[in-house]
Amino acid sequence: MGDEDPTEKFSLELETKQLGELQESRDELLSRVSHLKRDLQEWRFKLDNQVKSYRSELGDLRKTLNSEVTQLRDEFADLRQTLKQQLEATAEMAAEEKEDDDEDA
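The present account deals with the structure reproduced in this document. This one's a predicted model, so the numbers in the text were calculated from it and none came from an experiment. Throughout this document, residue positions are counted from 1 along each chain, in the order its sequence is written. Totals for whole chains, interfaces and linings use all residues, but because this is a predicted model, local features are given only for residues with pLDDT of at least 70 and pairs of side-chain atoms are given and counted only at 80 or more. Excluded from the side-chain calculations are hydrogens and water; all other atoms, namely the structure's heavy atoms, are used.

## Details of the overall build of the protein chain
The way it works is that DSSP assigns letters per residue, a run of H or I at least four long becomes a helix, a run of E at least two long becomes a strand, and they are numbered from the N terminus. Tallying secondary structure elements over the protein chain gives one helix and zero strands in all. The globule rule used here is 2.2 Å times the number of residues to the 0.38 power, and the radius of gyration it is set against is calculated over C-alpha atoms. Computed over its C-alpha atoms, the radius of gyration of the protein chain comes to 44 Å, more than 25% above the 13 Å expected for a compact globule of 105 residues. With the principal axes as the frame, the protein chain shows a C-alpha extent of 150 × 20 × 5 Å. Relative accessible area decides the class of each residue, using a 1.4 Å probe on protein chains only: under 20% of the type maximum gives buried, over 50% gives exposed, and in between gives partly exposed. In the protein chain, buried positions account for 1% of the 105 residues.

Here is the structure:
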């Protein structure tokens, strides 16, 4: 055993040290990848929740908007009917005044 070549011993020690460093780098990279995967899952979960929340809000807004549009249509229909009645009443009054004027003449 005493006849080991110092160069081989140095080379073996160097390779062992490099393997150890590579193992540390590998472990560090695996740890980073694991953290990134977890971060990505958390991000997706938050994003999914935001999308669900926004969809729900949009649905509520759509219902409210449809309700308000229906209410406005009803109010415009009522207004149109009231204006029509007022125009008819005004026309009748104008016709009666004309008849009165014709009878007075």
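## Re the environment of Lys9
Here Lys9 lies in helix α1 (residues 6–104). Each C-alpha atom, one on Lys9 and one on Ser25, is 24 Å from the other, the two residues being 16 residues apart in sequence.

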